[in-house]
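Secondary and tertiary structure notes
What follows is each chain in one-letter form.
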Amino acid sequence: MTKSIHENGTAASVYQGSIAEYWNQEANPVNLELGEVDGYFHHHYGIGEPDWSVVEGDAATSHERTTRELHRLETLQAEFLLDHLGNVEPEQRIMDAGCGRGGSSFMAHERFGCSVEGVSLSRKQVDFANAQARERAVADKVAFHQLNMLDTGFDTAGMQAIWNNESTMYVDLHDLFAEHSRLLARGGRYVTITGCYNDVYGLPSRAVSTINAHYICDIHPRSGYFRAMAANRLVPCAVVDLTEATVPYWRLRARSPLATGIEETFIEAYTSGSFQYLLIAADRV
Ligand code: GPP
Ligand code: MG
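In what follows, the accompanying structure is described. This one's a predicted model, so the numbers in the text were calculated from it and none came from an experiment. (Residues numbered from 1 in each chain as written. Chains lettered and ligands numbered in written order. Predicted model: local features only at pLDDT ≥ 70, side-chain atom pairs only at ≥ 80, totals over all residues. Heavy atoms only, no water.)

**Structural notes on the overall build of the protein**
Of regular secondary structure, the protein possesses 10 helices and seven strands. The dimensions of the protein, computed from C-alpha atoms along their principal axes, are 55 × 50 × 45 Å. The buried share of the protein, reckoned over its 285 residues, is 55%. Here the contacts in the protein between residues at least 6 apart in sequence split such that 77% fall between residues at least 24 apart. Surface exposure of the protein reaches about 11900 Å², of which carbon and sulfur atoms provide 51%. (Helix = DSSP H or I, 4+ residues; strand = E, 2+ residues; numbered from the N terminus. Buried < 20%, exposed > 50% of the residue type's maximum accessible area, 1.4 Å probe, protein only. Contact = heavy atoms within 4.5 Å. Areas by Shrake-Rupley, 256 points an atom, 1.4 Å probe, with all protein chains shown as cover.)

Structure (structure tokens):
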């Protein structure tokens, strides 16, 4: 039976409740084994050229070498996102919208020394990430909250920077950017890395629709980002097409024993031109 809105904690809709449920039960080895490499647990994909030697040589160690390599590419992606957050001072506060198990939040704190608030609908992800914050002895600076990113309740203009690392496809962009715009200080920075469908191709391809069904998400058109930003005082200052940079990650992942079955669909989506992997950075004016 469909759960009511209220049975789903902070979820504002039945849909959001289904997202929380997905992430509360998620335990894909492709995320957990990669995270165990160095303790940074990511829920996003990778960029950069892999060292293809990992799929060759000693079969007994190939799995582990491939896992480390996939993790390295995911970490590079997070570093690239953080490179676009601008200057953040230690006394400032920033927000990871859709923080997953907290990998990027810890990286951001280490880079800037600032306070980081991570928000997720999933109780399990929030508890996992807060346990990591305690283990790392940074719980006074990095905190995770079971909150709806569309309605966080945080103070107006209290954030110097906000990012969504592959989490915008779970929300309406106008609602999202209205809330980000409220939270960001004037002159603050917003960054997203996202998969979007390509308006030049047309409407979503079969591969894009398959990705939507796989993760229960709703991939937006590229145009939708700029429309919703413009309507909410967010002015783009950098747009980087990372499509070519992410395809090798998927080709390597397709050859890993940790593949989940969605790999060929991503390769098809990207190489057909129907889907793009973009970084968009914007100033709050
Ligand atoms: C990766 O999470 C990101 C998403 C599920 C959001 C959808 C992103 C798009 C670009 C469409 P994950 O690391 O948990 O996924 P997986 O288990 O496949 O590695
Ligand atoms: Mg993953």
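**Things to note about empty space enclosed by the protein**
According to the stated counting rule, one finds one cavity of 30 Å³ or more in the structure shown. The volume enclosed by the largest cavity comes to roughly 650 Å³. Together, 49 residues line the largest cavity, and Trp-23, His-43, Glu-166, Ser-167 and Tyr-170 are the ones closest to its centre. Of all elements in the fold, only α1 (14–25), α2 (29–35), α4 (103–112), β2 (115–120), α7 (206–215), α10 (263–271) and β7 (275–284) reach the threshold of two or more residues within the lining of the largest cavity. It is α1 that provides the largest number of residues to the lining of the largest cavity, a total of four residues. Here the lining of the largest cavity is composed, by residue class, of 23 nonpolar, 20 polar and six charged. (1 Å grid on protein atoms, 1.4 Å probe; cavity = no way out; pocket = protein on both sides within 12 Å on 5 of 7 lines; lining within 4 Å. Points joined across faces, edges and corners; volume = space filled by probe spheres on them. Nonpolar A, V, L, I, M, F, W, Y, C, P; charged D, E, K, R; others polar.)

**A short note on the pairing of strand β3 (residues 142–146)**
Here β2 runs beside β3; their pairing, made up of five bridges, is parallel. Counterpart to Glu-117 in the pairing with β3 is Ala-143. Handedness of the crossover is the feature at issue here: the chain leaves β2, passes through helix α5 (residues 123–135), returns alongside β3, and the resulting connection is right-handed. (Pairing = 2+ DSSP bridges. Right-handed = clockwise from strand over helix to strand, strands pointing away.)

**Some words on the site of ligand 1**
Near ligand 1 you find 15 residues, and of these Asn-28, Asn-31, His-43, Tyr-215 and Arg-253 are the closest. With respect to ligand 1, the side chain of Asn-31 contributes an N or O atom lying 2.8 Å from an oxygen atom. Calculation on ligand 1 without its partners gives an accessible area of 510 Å², and the protein chains cover 99% of this total. Here ligand 1 occupies the largest cavity. Among the elements of the structure, α2 and α7 are those that each provide at least two residues to the shell around ligand 1. Here the shell around ligand 1 is built from residues that sort into eight nonpolar, five polar and two charged. (Near = heavy atom within 4 Å. Polar contact = N/O pair within 3.5 Å; in protein donor to acceptor, adjacent residues only side chain to side chain. Sits in = over half its atoms within 2 Å of the grid points.)

**Quick word on the environment of Ile-211**
Along the polypeptide, Ile-211 turns up in helix α7. C-alpha of Ile-211 to C-alpha of Leu-234: the two residues are 23 residues apart in sequence and 28 Å apart in space. For Ile-211, the contacting residues outside a window of four places in its chain are Cys-217, Ile-219, Ile-262, Thr-265, Phe-266, Ala-269 and Phe-275.

**A word on the nonpolar core**
Core analysis: the largest hydrophobic core is formed by 61 residues, its most contacted members being Ile-94, Tyr-215 and Phe-266. With five residues, the single largest contributor to this core is helix α3 (residues 59–83). Residue contacts for Phe-266: discarding those within four places in its chain leaves Tyr-45, Ile-211, Tyr-215, Trp-250 and Phe-275. In terms of nonpolar packing, the next biggest core, distinct from the first, is built from 22 residues, Ala-97, Val-171, Cys-196 and Ala-282 among them. (Core = buried A, V, L, I, M, F, W, Y, C linked by side-chain atoms within 4.5 Å.)

**What about the pairing of β7?**
Consecutive side chains of a regular strand alternate in pointing toward one face of the sheet and then the other. Most of β7 is tucked away, with nine of its 10 residues classed as buried. One ladder, built from nine bridges, connects strand β5 (residues 184–197) with β7; its direction is antiparallel. Bridge assignment links Ile-193 to a residue of β7, and that residue is Leu-279.

**Let's talk about the side chain of Glu-117**
Mapped onto the secondary structure, Glu-117 falls in strand β2. On the basis of relative accessibility, which here comes to 10%, the residue Glu-117 falls in the buried class. Residues in contact with Glu-117, not counting those within four places in the same chain, are Arg-93, Ile-94, Met-95, Asp-96, Ala-143, His-145, Phe-154 and Met-159.

**Overview of the sheet that holds β7**
Across the sheet, seven strands lie side by side as β3-β2-β1-β4-β5-β7-β6; this open sheet has mixed pairing. The sheet terminates laterally at β3 and β6 (234–241), the two strands that pair on one side only. Averaged over all pairs of adjacent strands, the angle between strand axes in this sheet comes to 15°, irrespective of strand direction. Across the sheet, α5 is in contact with β2 and β3; its angle to β3 comes to roughly 165°. (Axes fitted to C-alpha atoms, helices over the stretch in contact; angles between N-to-C directions.)

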